[in-house]
Amino acid sequence: MRSCSLPVAAAAGKNITTIEGLKSKAAQAVQKAWVELDVVQCGYCQSGQIMSAVALLEHNSKPSDADIDGAMAGNICRCATYQRIRAAIHAASADLGA
Ligand code: FES
């Protein structure tokens, strides 16, 4: 869920994981790929991009370009890093052995 579009009352009683709490193998693969492919430009959007990428890979370890576009829709990057984000998700997928 994007915290910017979720009323806080809707999170009452729910488990919440922020980017600081990511620990899964998918999260580690995404972090590694983000660094290796130098995805970040200004960084403003990147917490949301990474959270969405990890959520995608935790449910679909070998996403297609269409899967990636669908999962990442709604995460706007004013620096237009979309091609690097897609490449990094594919790299993370490969790193996960998919
Ligand atoms: Fe600048 Fe996405 S890296 S808005």
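Residues numbered from 1 in each chain as written. Predicted model: local features only at pLDDT ≥ 70, side-chain atom pairs only at ≥ 80, totals over all residues. Heavy atoms only, no water.

Core analysis: the biggest nonpolar cluster contains 18 residues, and Val30, Trp34 and Ile89 have the highest contact counts within it. Per-element tally for this core: the top contributor is helix 1 (residues 25-36), with six residues. With near-sequence residues (within four places) excluded, Ile89 lies in contact with Trp34, Ala53, Leu56, Leu57, Pro63, Ile68 and Met72. (Core = buried A, V, L, I, M, F, W, Y, C linked by side-chain atoms within 4.5 Å. Buried < 20%, exposed > 50% of the residue type's maximum accessible area, 1.4 Å probe, protein only. Helix = DSSP H or I, 4+ residues; strand = E, 2+ residues; numbered from the N terminus. Contact = heavy atoms within 4.5 Å.)

Quick look at the side chain of Gln49 now. Along the chain, the position of Gln49 falls in helix 2 (residues 46-59). Once residues within four sequence positions are removed from consideration, Gln49 is found in contact with Trp34, Met72, Asn75, Ile76, Cys77 and Ile85.

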